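# Tertiary structure, described
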Amino acid sequence: MIRKVLSCLLPAVAVVALCTSTWAKDCGACGGGCEGGCDGAVSSCGGCGDAGAACGTKTVYQKQYVTEMKSVTCTEYTTETRERTYTVNKRVPRTEEKTRTVTVQVPETRTKTVNYTVNKNVTETKTAEYTVQVPYTEEVEQTYTVMTPVKEEKTATYTVMVPKQEEKTATYTVMVPYTEEVEQTYTVMTPVKEEKTSTYTVKVPYTEEVEQTYTVMTPVKEEKTATYTVMVPYTEEKVSTYTVKVPYTEQVEQKYTVNVPYTEEVQSTRKVQKRVAVQGTKTVQVRGGHWATEQVEVAGGTDACGCPCPPKVCCKRVWVPTCETKEVPVTSYQCITEEVPCTHTVTKCRQEERTRMVNVTKCRDEERTRTYTVSKCRPEERTRTYTVTKCVPETKTRKVSVTKHKDEERTRTYTVTKCVPETKTRKVSVTKCKAEERTRTYTVTTCVPEERTRTYTVTKCVPETKTRKVSVTKCKAETRTREYQVTKCVPETMTKEVSYTVMVPQQKEEKYSVTAYDCVPETKTATYTVRVPHQVTKEVPVKKCVMVAVEVPCGAAGSAGACGGAAGGCGEASACGSCGDSSAAACDSCGGRRRGCRRCCK
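Residues numbered from 1 in each chain as written. Predicted model: local features only at pLDDT ≥ 70, side-chain atom pairs only at ≥ 80, totals over all residues. Heavy atoms only, no water.

Next up on the list: the overall build of the protein. If you tally the helices and strands in the protein, you get 6 helices and 2 strands. Along the protein, helices and strands appear, N-terminal first, in the series α-α-α-β-β-α-α-α. Expressed as a percentage of the 602 residues in the protein, the buried residues total 9%. Summarising the internal contacts of the protein: among those between residues at least 6 apart in sequence, 94% fall at separations of at least 24. Of the roughly 46,300 Å² of accessible surface on the protein, a fraction of 49% belongs to carbon and sulfur atoms. (Helix = DSSP H or I, 4+ residues; strand = E, 2+ residues; numbered from the N terminus. Buried < 20%, exposed > 50% of the residue type's maximum accessible area, 1.4 Å probe, protein only. Contact = heavy atoms within 4.5 Å. Areas by Shrake-Rupley, 256 points an atom, 1.4 Å probe, with all protein chains shown as cover.)

You can see Thr373 is positioned in strand β2 (residues 312-553). On the accessibility criterion, Thr373 (15% relative accessible area) is buried. For Thr373, the residues in contact, after removing those within four places along its chain, are Thr103, Thr235, Glu236, Glu237, Pro505 and Gln507.

Once that is clear, we can look at the environment of Pro321. Here Pro321 shows up in strand β2. Sequence spacing of Pro321 and Gly289 is 32 residues, and the spatial spacing of their C-alpha atoms is 3.9 Å. Look past the residues within four positions of Pro321 in its chain and what remains in contact with it is Gly288 and Gly289.

Before going further, it helps to examine the packing of aromatic side chains. Applying the stated criterion across every chain yields a total of 1 aromatic pair. On the basis of an interplanar angle of 70° and a centroid distance of 5.4 Å, the ring pair of Trp291 and Trp319 is categorised as edge-to-face. With Trp291 in strand β1 (residues 57-298) and Trp319 in strand β2, the pair connects residues that are 28 residues apart, well separated along the chain. Residue Trp319 is classed as partly exposed on the basis of its relative accessible area of 42%. The ring of Tyr214 carries Arg398 above its face, with NZ or CZ at 4.3 Å from the centroid. (Phe/Tyr/Trp six-rings, centres within 6.5 Å; stacked < 30°, edge-to-face > 60°. Lys NZ or Arg CZ within 6 Å of the ring centre and 35° of its normal.)

Turning our eyes to something else, we now look at a nonpolar patch on the surface. Residues Val72, Val540 and Val542 make up a contiguous nonpolar surface patch of about 180 Å² in total accessible area. The residue Val540 is located in strand β2 in this model. Owing to a relative accessible area of 35%, Val540 belongs among the partly exposed residues under this scheme. (Patch = residues over 30% accessible without salt bridge, like charges linked within 9 Å, V, L, I, M, F, W, Y side chains within 5 Å. Salt bridge = Lys/Arg side-chain N within 4 Å of Asp/Glu carboxyl O.)

What follows concerns the environment of Tyr442. Mapped onto the secondary structure, Tyr442 falls in strand β2. Between the C-alpha atom of Tyr442 and that of Glu167, which follows or precedes it by 275 residues, the distance is 5.8 Å. Setting aside residues no more than four positions away along its own chain, Tyr442 makes contact with Glu166, Glu167, Lys168, Thr169 and Ala170.

Next up on the list: the side chain of Thr331. Here Thr331 lies in strand β2. What makes Thr331 buried here is its relative accessible area of 14%. Engagement of the side chain of Thr331 in a polar contact is seen with the side chain of Gln279, the distance being 2.9 Å. Residues within four places of Thr331 in sequence aside, it is in contact with Thr145, Met147, Ala277, Val278, Gln279 and Pro463. (Polar contact = N/O pair within 3.5 Å; in protein donor to acceptor, adjacent residues only side chain to side chain.)

Time to look at the pattern of salt bridges. In total, this model carries 26 salt bridges according to the counting rule given. Between Arg82 and Glu80 there is a salt bridge whose closest N-O contact spans 3.5 Å. Taking the relative accessible area as the measure of exposure, Arg82 reaches 36% and is therefore partly exposed. Residue classification places Glu80 among the partly exposed residues on the basis of a relative accessible area of 34%.

Moving on to the confidence of the model for the protein. Scored by pLDDT, the protein comes out at a mean of 76, with 83% of its residues at no less than 70. Contacts from residues 18-54, a stretch scored under 50 in pLDDT, to residues over four places away or in other chains number 48 contacts. The low-confidence segment residues 556-602, where pLDDT is below 50, has 77 contacts with residues more than four positions distant or belonging to other chains. (pLDDT = per-residue confidence, 0-100.)

Our next topic: the environment of Lys238. By the element assignment, Lys238 lies in strand β1. Linking Lys238 and Val374, residues 136 residues apart in sequence, is a C-alpha distance of 7.2 Å. In this view, Lys238 contacts Arg370, Thr371, Tyr372, Val374 and Lys376; residues no more than four positions away in its chain are not counted.

Here it is, written out as structure tokens:
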């Protein structure tokens, strides 16, 4: 808001300052200005009598805005397109054909006769005796215990709480509310406006040309020679000795062990488990209970008049659970392990050592020689010439327009609103409470203990021994015979022809292509844009405040008062033709009552 007000006031202040300077110029046009008084003005006009004779019209100066064209020099930038030439090196491929000698391994198939041993299977039938455990069933008499239930009646004594009502009176305190007016003081913040003036600094931009140095990379060509190493292949024959394993068959006596089975009777014991009854006791919790009468207080509600009724006491039956702990006889069964003697047949094996003739294949070492070709490479140094393009930095200068800012101080007036505290009073209603004692009558229900008896039945379990017949499975040993087949391996020597492949080296010539790259320089043209500055003179319209002389006809009263001899002062001195605007010279005699004098003398 303050910025908008200042932006509106600043042009008006500038116009007033321009008009004041114009009026000062007009006042000083009479030579002596306002200091000469009326005498100078009258003498220059030839006396007041002549002025009175020419008072048909009067000249009045009015301010008027005139638009003038002013020449202003400014810098404008024009976009120019320029071209530059630069050199690029391209690598052009070139294919060359060369010949080389290559050693190739050619496969060759050969045959040879080989002796080998084959194991043939021979089947032989044998007879063996073995023992089998044959099961049979036998009935045995067994004794067991059964728990038989027996009922028994018992009498128990229990206590019942009988309800009894009794009336009581109680005193209680009630807080009764009442209202009271209290005077309260509070503070109000009253806003007060205040005008302040502040000075601020504005950055005013202006343009300045500065000489700038920049670096351009200029490409420069340079030829270099490099030495490189090439591996040239060549062939060389070598003779090597190698060892071959030649197989042959030889018969060797071999010892082996055989397990021969035999039967033997062994006396041993076996474990038998029996179930034995064990008498004991355990603790049992017997759950019971009885019905009891319980008094409950119920809200009375309201009567027909809307008054609250006193609470009522109602009786209700409640089940009271009981829990008794008793010792009860219990029969449990335990498993007992007993050892019983028994005789059984066991098949065992004894080791027996035997001999046999076995064909064993062995290998003897045999030395042989062979000739083979080896391809090797020898290093060979060669030279080549190549062009290298380097960029050399080159310093140049150019003029650049730089926009800078200078500080300019300005003033502004703004309004600040402050809050001043103001104390006021008001009356507030406050609710308070006072204590008041009251009495009420209520009914209390108490319970009186009363002993009663009851009869209940208890079931007990009595152990009873019984017998039963149980089938038991037993086993008896029985010897049997069986036939089985044994397979033996008999060695047999056989011959066969085997094909094998030998790699035979052969030399042959082949052509191969090599790609070489030549560096070819190529000139290219690039287009770039430059901003070129130049000075331009423009005509800009400017508003100016100018005082313009206007001829106004004089009235009868005005001419008598202004030009009537020497008694009325100097008359209208502004009508003098000798000093242009001489109203400033008549300021002392007219007392600043005329419009022209007021402006000049101020």
